[in-house]
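Here's the letter readout for the chains.
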Amino acid sequence: MTDPPSLVCRGRSLDTSSPLVMGVVNATPDSFSDRTRLTTVEARVGASLQLLDDGADILDVGGQSGITSVPEISEDEEIERVIPLLDAIVAARPDAVISVDTYRPRVARAAIEAGASLINDVSGLQHPEIVELCARAECALVLMHTRVAPKKKLLDPALYDDVTADVVDMLTDRWRQAGRLGLGDEAIVLDPGIDYAKTPHQSLTVLQEIDRVAALGRPILFALSRKDFIGAITQRPPAERLGGTLAAIGYIGQRPGAIYRVHDVAQTVDFLRVQAALTQGVGLLPDAVLHEDLRREG
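Here the residue numbering is sequential within each chain, running from 1 through the sequence in written order. Local features in this predicted model are restricted to residues of pLDDT 70 or higher, and side-chain atom pairs are both shown and tallied only at a pLDDT of 80 or more, whereas totals for entire chains, interfaces and linings draw on every residue. Derived side-chain values reflect all non-hydrogen atoms in the structure, with water molecules and hydrogen atoms excluded from consideration.

**Looking at the nonpolar core**
Here is a general trend for soluble globular proteins: nonpolar side chains tend to be buried in one another's company. Definition of nonpolar core: a set of buried residues of the types Ala, Val, Leu, Ile, Met, Phe, Trp, Tyr and Cys, connected through side-chain atoms within 4.5 Å. Buried means the residue's accessible area, taken with a 1.4 Å probe over protein chains only, is under 20% of the maximum for its type, while exposed means over 50%, and partly exposed covers the values in between. Core analysis: the largest hydrophobic core is formed by 82 residues, its most contacted members being Ile119, Leu141, Phe222, Leu224 and Tyr260. When checking whether two residues touch, look at their non-hydrogen atoms; a contact exists if any pair is within 4.5 Å. Contact partners of phenylalanine 222, with chain neighbours within four places excluded, come to Leu207, Ile210, Ile252, Ala258, Ile259, Tyr260 and Arg261.

Now the structure itself:
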C-alpha cells in the first residue's frame, strides 16, 4: 500500500491518510457564492471559529474574490481585510492551521508574519517571490493550474488538446521551479484548478482523469465547492449547489492526500464520515448506539 503524501506546514505534519477539509472564509464584500456577506471582522471571526468547530482541518482566508467582472483591489486593501481577521483567529485558536488565498507577495508576507501556515496561490505562480517567502518561513504552498491571469476569464473549448496533460505538465513545471527556489517537496500542494481557464466540460474531464494528477505524488487541493461545472450540470445558482458539491467529493472519495476546499464544512465532514464508515468500516463501533436526544427533533 502506498504511503500517503507528506505535508508539513511550519513544522507541523498534517495527517493526509484520510481527506482533510478546508473551510472557506471570505473576507470580501463580493464573494460569488455567499447569499449573506459578513461585513465586520467580528462576524468573520465568529464564522471562522464555527467552521473549526464544525470539523475544518484548515481555514482558507481570502481577501479578494475571484469574480472577473470587478477589478483587482489594491494590496493594501487586501492586507487590511485579511490581517485583522487572521490576528483574531490566531488569538482565539493558536493551533488552527490557516491558509491565505493570495498570489501577491506583500499580502503573503504579511499573512505569514501573522501566522499563516499555507499560501494558496491561484495564479499559477505569477510571482515566484512567494516561493522564497514560503521557503524562509517553512510555510506550505498551493500551486494551481491556470492559463489565465487572476481576475480574468478564459473559456475556450479548443484551448487544450489534452486538458489533463496540460494540468500535469504545468504543475510539474511549477513544482520544479519551487524546488529550485528552495521550497521542499513536503511543503507542496497541487491544485488542478477546476473552473480556472477551463470550461465546465474541461473541468469535468480533469476530475474524471484525476489519477493522472495524483500520480505526481503530492496532496491535491480540490476546490470543488459550488463551482461553475456543478452549476452547468445541475442548473442551480451557487448557494444551491451543495448536493452537486458532495456528489463531486463522493466521486473523488477517501483518497489519501485529498484536501476538500468547501463552504459547507459541517455537511462535508458528515458526508466523509458516513462514506468512510460505508467504504472502509471506520468510525462506527459494533456497540455504537444513537443518543436518545438525537433520535428526534424537539
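**Points about the packing of helix α1 (residues 41–53) against helix α2 (residues 75–92)**
Angular values range over 0 to 180 degrees, each being the angle between N-to-C directions of two axes fitted as lines to C-alpha atoms, with helices fitted over their stretch in contact. Only runs of H or I of at least four residues qualify as helices and only runs of E of at least two qualify as strands under DSSP, and these elements are numbered from the N terminus. The interhelical angle for the contact between α1 and α2, taken along N-to-C directions, is 45°, at an axis separation of 10 Å. Relative to α2, α1 is oriented oblique. When the axes of α1 and α2 are compared, the crossing they make is right-handed. Within the contact between the two elements, α1 uses Val41, Arg44, Val45, Ser48 and Leu49 and α2 uses Pro84, Leu85, Ala88, Ile89 and Ala92. Throughout, the ten residues Ala, Val, Leu, Ile, Met, Phe, Trp, Tyr, Cys and Pro are labelled nonpolar, Asp, Glu, Lys and Arg are labelled charged, and all others, Gly among them, are labelled polar. Looking at the contact of α1 with α2 residue by residue, the classes come out as eight nonpolar, one polar and one charged. We call two directions roughly parallel when the angle between them is under 35 degrees, roughly antiparallel when it is over 145, roughly perpendicular when it lies between 65 and 115, and oblique otherwise. In this scheme the handedness of a crossing depends on how the near helix is turned from the far one: anticlockwise by less than a right angle means left-handed, clockwise means right-handed.

**Description of the environment of leucine 204**
Checked against the element boundaries, leucine 204 lands in helix α6 (residues 200–208). Between the C-alpha atoms of leucine 204 and leucine 183, which are 21 residues apart in sequence, the distance is 31 Å. Leucine 204 has contacts with Phe229 and Ile233, leaving out every residue within four places of it along the chain.

**Thoughts on the pairing of strand β7 (residues 140–144)**
The buried fraction of β7 is high, at five of five residues. Two strands are said to pair when DSSP picks up at least two bridges between them. Pairing of strand β6 (residues 118–121) with β7 involves four bridges; the strand directions are parallel. Note on β7: the bridge partner recorded for isoleucine 119 is leucine 141. Taken together, β6, helix α4 (residues 129–137) and β7 form a β-α-β motif whose crossover is right-handed. Here β7 runs beside strand β8 (residues 188–191); their pairing, made up of four bridges, is parallel. Residue pairing for β8: leucine 141 is matched across the bridge by isoleucine 188. Here is how to tell: hold the view so the strands point away, follow the path from the first strand over the helix to the second, and if it runs clockwise the crossover is right-handed. Each parallel crossover has a hand, and the one from β7 via helix α5 (residues 163–180) to β8 is right-handed.

**Overview of unusual backbone geometry**
Residues other than glycine seldom take positive phi values, yet glutamate 138 does so here, at roughly 55°. Tracing the chain through its elements places glutamate 138 in the loop between α4 and β7. Owing to a relative accessible area of 54%, glutamate 138 belongs among the exposed residues under this scheme. The backbone of glutamine 235 shows a phi angle near 60°, a positive value even though the residue is not glycine.

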